[in-house]
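Per-entry structural report
Read off the chains here:
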Amino acid sequence: MSSWSEILDIELPGKIVTKALEMGADDVICTLMTSNVKQVRFANNSITASKFWAQKVAGIFLVKERRVVATDISDFSTTDDTLQDLLNMSKVMEESQNYKGLAGGSFDYRPSAPDQRIPQLLDELYGYVDDAISSALDAGAKRVAGVLYTSAGNQYLCSSTGPSGDYSSADIEISIRAMAANEGSGHMVQSVVNLDDFDPGTAGKEAGELAARSQNPAIGEEGKFDVLFSPMPFANILERVASSSSAGYVDAGFSFLKDMVGKDVASPVVSLADDGTHASSLNTPPFDSEGVPTRRTPIIENGKLKGYLHNTSTAKQFGTETTGNAGLVFPYSWSVHLAPGDQGKEELISQVKDGYYVTNVWYTRFQNYQTGDFSTIPRDAIFRIKDGRIVGSVKDIRISENMVDLMRKVKAVGNDVKQIHWWEVTTPVFTPHVLVEGVNITKSTQ
Amino acid sequence: MSIDIDRELAEKAMNKALDSGAHYAEARLEVVKASSLVMKNGNPEISGFERTAGMSIRVLVNGSLGFASTDQLAGMNTFECAEAAVRMAKAASGLTKVPIELSSEEAHVAEYEVDQKKRVGDAGPEEMMDVLKHIDRAMVDTAPMASRFLQVYAEERTKYYANSDGSRIGSHIPRVGMFLIPTIMEGGMVSQAMLQKGVSMGWEWADPVRLADEIGREIKVTYDNMKHGVKPPTGKIDLLLGPEVVGIAAHESCGHPYEADRIAGREAAQAGESFIDQGMLGTRIGSEVATVIDDPTIENSYGYYLYDDEGVKARPKVLIKNGVINEFLHNRETAVEMGIGQSNAAARADNFNREPIVRMSNTFVEPGDRSKEELFEGVKLGVYMNNFMEWNIDDKRFNQRYIGREAYLIENGEMKGPVKAPILEMTTPAFWAAIDAVANDLDFTSATCGKGEPGQGVPVYTGGPSIRLRDVRLGVSQ
């Protein structure tokens, strides 16, 4: 092959796989990703940077006599040398006992239909930002910061064991943090795949309202309190639950769900699923990294852990079937969905006798992934609730808990599902408000 | 220096940006050659390599900042990248209410590299496997392991930076490191460590026997703590912190809140702001013995560089000097915004496709002249926390929490048995004010610092000597 750079994108993975097999590989998967991403960053009510990224990169996963090697390539003129280097690397690698083959067969994939208007946007982006900033200021904020993204891309996959497919995607999202006077702040995000659903003004307004309402916070109290989580902070929690359900994480010691299948890992009101097919999600590829069609996979049903997320190798290791969640080394979730309940936010607040309403958290860190001991820090608007009413705002508290304990203490799940995806939550999570009883709150000792 | 990249691409793209209307332009061309190996529970999972090349262009047009990057360097791609950066900046000009300016800096023409006794490019899977096998064996021989996740990596990064002010800087920096998560389990008790090591030097750093000895010690003390650790004391005590804990505090509780872009609000929607404001320069925040420095010029350090990613010559920055807030970390943008005149070379980008922003390098508490043992003297009841596991800090960097993995009780000046999971949970001013003694045992820990959007992980050292905090109340567990 003399001119790899001239091959059409859609044909490139197949040609690379064919060449690798000719050179002696046993199993090969090549995935080509092309993307254009635009970003507008803003702070102090002004644009701070406008960025554009163009990317074209192929991932090559190659197995020779159970020796697993991989690389990424963006200079395609070096493809022949790269494949030879991979094969040379496989000769000095040792056999992987955990590699148990790739998914085989041929599949019909769900067609993708990205909103073609999104990648065309440029001047409009600044109008969206202006709308978000103005709405936050109108709601009472003094300073506004955030980021707007548009992403559009194509992915082409070919596996030596049969699967082959391609899809396109596009999305637009905004993350906006509003700061009011006197330490008030609020944060809101919106992520959509259909431009008609994009409403940056509402996101700005909600962030601004939270900022205005949370001014003059008192220092919070430590102890056990009922905590109502809005979708942003609870998405942060659920993303960790979903990643812990990866069989690869379980095997590596990164999971608090080890040896818990069939057991109660959450309250009976909790049903959680991974869903690679949800039409509104930012991350619903028709196939996984092995070419297996993605699907909806229950993780927790009525509080019981149903099973783990798998690729072909982990499924064989655990004696089950793939769930269409490959990751070629670690299976991972596509988007996380908490089944809604039937109560609204105000109804949930009315149930809290003595507690907090938390609207954002960050810096969730584990003491031990396997035990699930962790802490996370509420930020932005935190409200004190007494006798079913918000009575003021607070600051300087920390949630110091155990993941399984926390999930078991869920008292009620709201009905207002929102997709959360931002700097702190990198897998899209769909969750409503969630009320948790007896959450351990700590604060600085001095 | 072996820089196998076509520097003319950067020159032409920069000129294209200027021709397209930019008032200022800079190009950064980077080539990375890296390899890594992952071993899980003694099984070699995957070995891989990376060869990436790409370029970014950053421009100023009428006070608006535009940035674009491409990983396709052939044909017209780099010109299109330059045009895209200008186009993005022009589109933003109507809403850039606060025009962005960059400080005027001396133009540098320079080349530098890190010597390698054994080139990291020569480290293949066999060498990497040998290192991980030694470490894995040390773990298994030392404690009952529930799981072991081990990763070793090595990279060579060749960079060429050019700006329209006349700077032309080439560099070639090798980095080698590893990331390990061993989990110990016995009798229903579980303990886990998250260990990272890294340097800027050749593969000669990766001596399997030495690394296995070092990791074996970490496993032993973690196992001893799990088996024999007792509850930490309640009430006020003296708290001695080892270099690893002092390092994370220097990084999280001094370095981050002294980043001028945080202080100015530019990171507000991501990594947050700072409880420090510009008016606090020159005011006291800690005791006389507390001095904190950020120095990118330490040879072979993980956060090493001699020129930052805006072409400014690096120097040590004294952030806290004898307890007084002395200096912030600046790039060329914040230097103008805060009116200090010139950057102090804290601008870093973690790859060609990322914007340079204000970052730390090697941040540490300056050592004193007393031995660690002297710090134990006079402590009636205390805890010595040598390292940590869980940590976090709020987005203004005011309330922090560090939980000890290896810790011991101190009674009447003597170190006794292990203490389980002591919690330091206190405010930043209280922390720096409580230090009454600083030892001379300076040591560094490698880490990857996250910031920016999209997120950028840059290699850093955190460090310090052992220090003593007087009259501290430990936090309560759940």
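Here the structure is a predicted model, which is why all the values come from computation and not from measurement. (Residues numbered from 1 in each chain as written. Chains lettered and ligands numbered in written order. Predicted model: local features only at pLDDT ≥ 70, side-chain atom pairs only at ≥ 80, totals over all residues. Heavy atoms only, no water.)

Some words on the overall build of chain A
The condition that has to hold: Every helix listed is a DSSP run of H or I at least four residues long, and every strand listed is a run of E at least two residues long, numbered separately from the N terminus. Our radius of gyration is a C-alpha quantity, and the globule rule it is checked against amounts to 2.2 Å times the number of residues to the power 0.38. Residues count as neighbours in contact if any of their non-hydrogen atoms are within 4.5 Å of one another. For accessible areas, the Shrake-Rupley method is used with a probe of radius 1.4 Å. Any residue's cover is judged against the shown protein chains and nothing else. A positive count includes Lys and Arg, and a negative count includes Asp and Glu. His and the chain ends are not counted in either. Where a charge lies is defined by one atom per residue type, namely NZ (Lys), CZ (Arg), CG (Asp) and CD (Glu).
Of the regular secondary structure elements, chain A holds 9 helices and 22 strands. Its C-alpha atoms give chain A a radius of gyration of 24 Å, within 12% of the compact-globule value 22 Å for 446 residues. Seen through its C-alpha atoms, chain A measures out along the principal axes to roughly 70 × 55 × 40 Å. Within chain A, residue pairs in contact and separated by at least 24 positions form 72% of the contacts whose partners lie at least 6 positions apart. Approximately 15,400 Å² of chain A is accessible, and the part contributed by carbon and sulfur atoms is 46%. Taken together, the 41 basic and 56 acidic charged side chains of chain A have centroids lying 6 Å from each other.

Notes on the overall build of chain B
Note the following rule: Here the term buried applies to any residue with accessible area under 20% of the maximum for its type, exposed to any over 50%, and partly exposed to those in between, with areas from a 1.4 Å probe on protein chains only.
The number of helices and strands found in chain B is 9 helices and 25 strands. The C-alpha radius of gyration of chain B comes to 24 Å, within 12% of the 23 Å expected for a compact globule of 478 residues. Principal-axis analysis of the C-alpha atoms places the extent of chain B at approximately 70 × 55 × 40 Å. The 478 residues of chain B split such that 65% are buried. Restricting the contact set of chain B to residue pairs at least 6 apart, pairs at least 24 apart contribute 75%. Entry remark: accessible area of chain B is about 15,800 Å², with carbon and sulfur atoms responsible for 48%.

Quick notes on the domain arrangement of chain A
Residues and elements named next belong to chain A. Applied cut-off: Just so you know, the domain bounds were taken from an automatic or database domain assignment. Values labelled buried area give the accessible surface lost by two parts on being combined, using a 1.4 Å probe and summing over both. By salt bridge we mean one thing: a side-chain nitrogen of Lys or Arg within 4 Å of a carboxyl oxygen of Asp or Glu. Distance and chemistry together define a polar contact, namely a pair of N or O atoms within 3.5 Å, with one atom able to donate a hydrogen and the other to accept it when in protein, and with adjacent residues in sequence counting only for side-chain atoms on both sides.
With domains assigned, chain A is organised as domain 1 (118-154 + 164-213) and domain 2 (218-442). Measuring from the centre of the C-alpha atoms in domain 1 to the corresponding centre in domain 2 gives 23 Å. In this complex, domain 1 contributes 18 residues to the contact, which on the side of domain 2 involves 22 residues. In this assembly, domain 1 packs against domain 2 so that about 1,700 Å² is buried in total across both faces, 59% of it on carbon and sulfur atoms. Counting every contact that joins domain 1 to domain 2 gives 2 salt bridges. Here Glu 183 ties to Lys 395 by a salt bridge, and the two come within 3.1 Å at their closest N and O atoms. One can count 7 residue pairs in polar contact (both at pLDDT 80 or more) joining domain 1 with domain 2. Secondary-structure elements contributing two or more residues to the side of domain 1 that touches domain 2 are β5 (164-179), β6 (185-192) and α4 (200-213).

Description of the interface of chain B and chain A
Across the contact, 89 residues belong to chain B and 91 residues belong to chain A. In this assembly, chain B packs against chain A so that about 7,600 Å² is buried in total across both faces, 50% of it on carbon and sulfur atoms. One can count 8 salt bridges joining chain B with chain A. Across the salt bridge formed by Arg 51 of chain B and Asp 85 of chain A, the nearest N and O atoms sit 2.7 Å from each other. Scanning the region where chain B abuts chain A turns up 59 residue pairs in polar contact (both at pLDDT 80 or more).

A short note on the sheet that holds strand β11 (residues 304-305) of chain A
Residue and element names in this part refer to chain A. Put simply, the rule reads: Here, any two strands with at least 2 DSSP bridges between them count as paired. Only the contacting stretch of a helix is used when fitting its axis, a line to C-alpha atoms as for every element, and angles between N-to-C directions run 0 to 180 degrees.
Across the sheet, 6 strands lie side by side as β11-β10-β9-β12-β21-β20; this open sheet has mixed pairing. Edge strands, defined here as strands with exactly one partner in the open sheet, are β11 and β20 (418-422). Taken together, the 3 bridges between strand β9 (residues 272-275) and strand β12 (residues 336-338) define a ladder with antiparallel strand orientation. The partner of Asp 274 across the bridge, within β12, is Val 336. Where helix α5 (residues 231-244) meets the sheet, it contacts β9, β10 (296-301), β12, β20 and β21 (425-431), and its direction lies at approximately 110 degrees from that of β21.

A word on the domain arrangement of chain B
Residues and elements named next belong to chain B. Worth spelling out the cut-off: Under this grouping Gly is polar, as are all residues other than the nonpolar Ala, Val, Leu, Ile, Met, Phe, Trp, Tyr, Cys and Pro and the charged Asp, Glu, Lys and Arg.
Taken domain by domain, chain B consists of domain 1 (7-228) and domain 2 (236-473). Relative to domain 2, the C-alpha centre of domain 1 lies at a distance of 22 Å. Both sides of the domain 1 and domain 2 interface together cover about 3,700 Å² of buried area, and 49% of this is carbon and sulfur. One can count 5 salt bridges joining domain 1 with domain 2. A salt bridge links Arg 332 to Asp 165, with the nearest nitrogen and oxygen atoms 2.8 Å apart. On the surface where domain 1 and domain 2 come into contact, there are 27 residue pairs in polar contact (both at pLDDT 80 or more). Grouping the amino acids of the side of domain 1 that touches domain 2 by side-chain chemistry returns 23 nonpolar, 16 polar and 16 charged.

Digging into the packing of aromatic side chains
All names here are of chain A. The test is simple: Note on ring pairs: Phe, Tyr and Trp rings are taken, using the six-membered ring of Trp, and paired if centres are within 6.5 Å. Classes follow the plane angle, with under 30 degrees stacked, over 60 edge-to-face and the rest tilted.
Here the structure, examined in full by the defined rule, presents 31 aromatic pairs over all chains. Each ring, one from Tyr 249 and one from Phe 254, has its centre 5.5 Å from the other, and the planes form 85 degrees; the classification is edge-to-face. Given a relative accessible area of 29%, Tyr 249 falls into the partly exposed group. Ring geometry for Trp 362 and Trp 423: centres 6.1 Å apart, planes at 25 degrees, overall stacked.

A few points about the layout of surface pockets
Rolling a probe over the atoms, with the probe sized like a water molecule, indicates the empty space that remains. The cut-off we apply is this: Method remark: on a 1 Å grid restricted to protein atoms, a set of points is classed as a cavity if a 1.4 Å probe fits but cannot get out and as a pocket if it is open with protein on both sides within 12 Å along at least five of seven lines; lining residues have an atom within 4 Å of a point. Grid points are joined across faces, edges and corners, and a volume is the space filled by probe spheres set on the points.
Size it by volume and the second largest pocket reaches roughly 840 Å³. Forming the walls of the second largest pocket are 41 residues, and the residues nearest its centre are Gln 367 of chain A together with Lys 420, Ala 421, Ile 423 and Ser 477 of chain B. When residues of the lining of the second largest pocket are traced back to their parent elements, those giving at least two are β14 (361-368), β15 (373-378) and β18 (398-402) of chain A together with β7 (189-192), α4 (208-228), β17 (388-393), β18 (399-404) and β21 (423-427) of chain B. A per-class count over the lining of the second largest pocket returns 13 nonpolar, 17 polar and 11 charged.

A short note on the nonpolar core
How we decide: Take the buried residues of types Ala, Val, Leu, Ile, Met, Phe, Trp, Tyr and Cys, join any two whose side-chain atoms come within 4.5 Å, and each joined set is a nonpolar core.
Tyr 126, Leu 148, Ile 172 and Ile 176 of chain A together with Ile 57 and Val 59 of chain B are the most contacted members of the largest nonpolar core, which totals 70 residues. Tallying contributions element by element places helix α2 (residues 77-92) of chain B first for this core, with 9 residues. In contact with Leu 148 of chain A, not counting residues within four places along its chain, are Lys 38, Gln 39, Val 40, Phe 42, Leu 125, Tyr 128, Val 129, Ile 172, Glu 173, Ile 174 and Phe 198 of chain A.

A closer look at the packing of helix α1 (residues 7-19) of chain B against α2 of chain B
Residues and elements named next belong to chain B. Threshold: By convention the crossing between two helices is left-handed if the near helix lies anticlockwise of the far one by an angle smaller than a right angle, and right-handed if it lies clockwise.
Direction vectors running N to C along α1 and α2 enclose 35 degrees, while the axes themselves pass 8 Å from each other. Crossing geometry of α1 relative to α2 is assigned as right-handed. Mapping the contact onto sequence places Leu 9, Lys 12, Ala 13, Lys 16 and Ala 17 in α1 and Thr 78, Phe 79, Ala 82, Glu 83 and Val 86 in α2.

With respect to a negative patch on the surface
Residues and elements named next belong to chain A. Heads up, the rule is: Residues enter patches when their relative accessible area tops 30% and they take part in no salt bridge; the joining distance is 9 Å for like charges and 5 Å for the nonpolar side chains Val, Leu, Ile, Met, Phe, Trp and Tyr.
Taken together, the side chains of Asp 130, Asp 131, Asp 199 and Glu 206 define an acidic patch exposed on the protein surface. Tracing the sequence through the fold places Glu 206 in helix α4. Under the relative-accessibility criterion, Glu 206 is labelled partly exposed at 31%.

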